[in-house]
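# Working through the structure, step by step
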Amino acid sequence: VIVRELTSYPKVQFLYLQSIMSKEQQQILKIEVSSDIHELYVKLLCEYSPESVLEYLKKENKYPLEACLHLCEKAGITDATAYLYERTGDLAKALQ
């Protein structure tokens, strides 16, 4: 609910999500984050903290792979894009 309320304020939305996205924080808060929220977080990471995208993708696995691959490609985040191509099994594209 809070995430939807912050749609008009993407930077604040990003900061809010950043505060709850760690597995430890989710356990403390007793929340489960949906794949849609993971996707939104990757989108916001691409915009506000592109250097953090790959690290996030490596430690998480609940994000929609194809959607996040598209987001990383669109944002030009090559290390994350290559990692996601590798996860899809497309090693040829991962090595480009």
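Overview of the structure. Being a predicted model, the structure only gives us computed values, none of them experimental. (Residues numbered from 1 in each chain as written. Predicted model: local features only at pLDDT ≥ 70, side-chain atom pairs only at ≥ 80, totals over all residues. Heavy atoms only, no water.)

## A word on the overall build of the chain
Each helix and strand in the chain was counted, giving eight helices and zero strands. Taken from N to C terminus, the helices and strands of the chain fall in the order α-α-α-α-α-α-α-α. A compact globule built from 96 residues would reach a C-alpha radius of gyration of about 12 Å, and the chain, at 14 Å, matches this within 12%. For the C-alpha atoms alone, the extent of the chain along its principal axes is close to 40 × 25 × 20 Å. When burial is assessed residue by residue, the chain has 36% of its 96 residues classed as buried. (Helix = DSSP H or I, 4+ residues; strand = E, 2+ residues; numbered from the N terminus. Rg over C-alpha atoms; globule rule 2.2 N^0.38 Å. Buried < 20%, exposed > 50% of the residue type's maximum accessible area, 1.4 Å probe, protein only.)

## Observations regarding helix H2 (residues 10–20)
For H2, every residue scored as buried is listed here: Gln13, Phe14, Leu17 and Ile20. End-on, the buried residues of H2 take up no more than an arc of 135 degrees, which puts them together on one face. (Arc of directions from axis to C-beta.)

## Describing the environment of Thr78
Among the secondary structure elements, Thr78 is positioned in helix H7 (residues 78–88). Separated by 74 residues in the primary sequence, Thr78 and Arg4 place their C-alpha atoms 29 Å from one another.

By themselves, these figures tell us nothing about what the structure is for.
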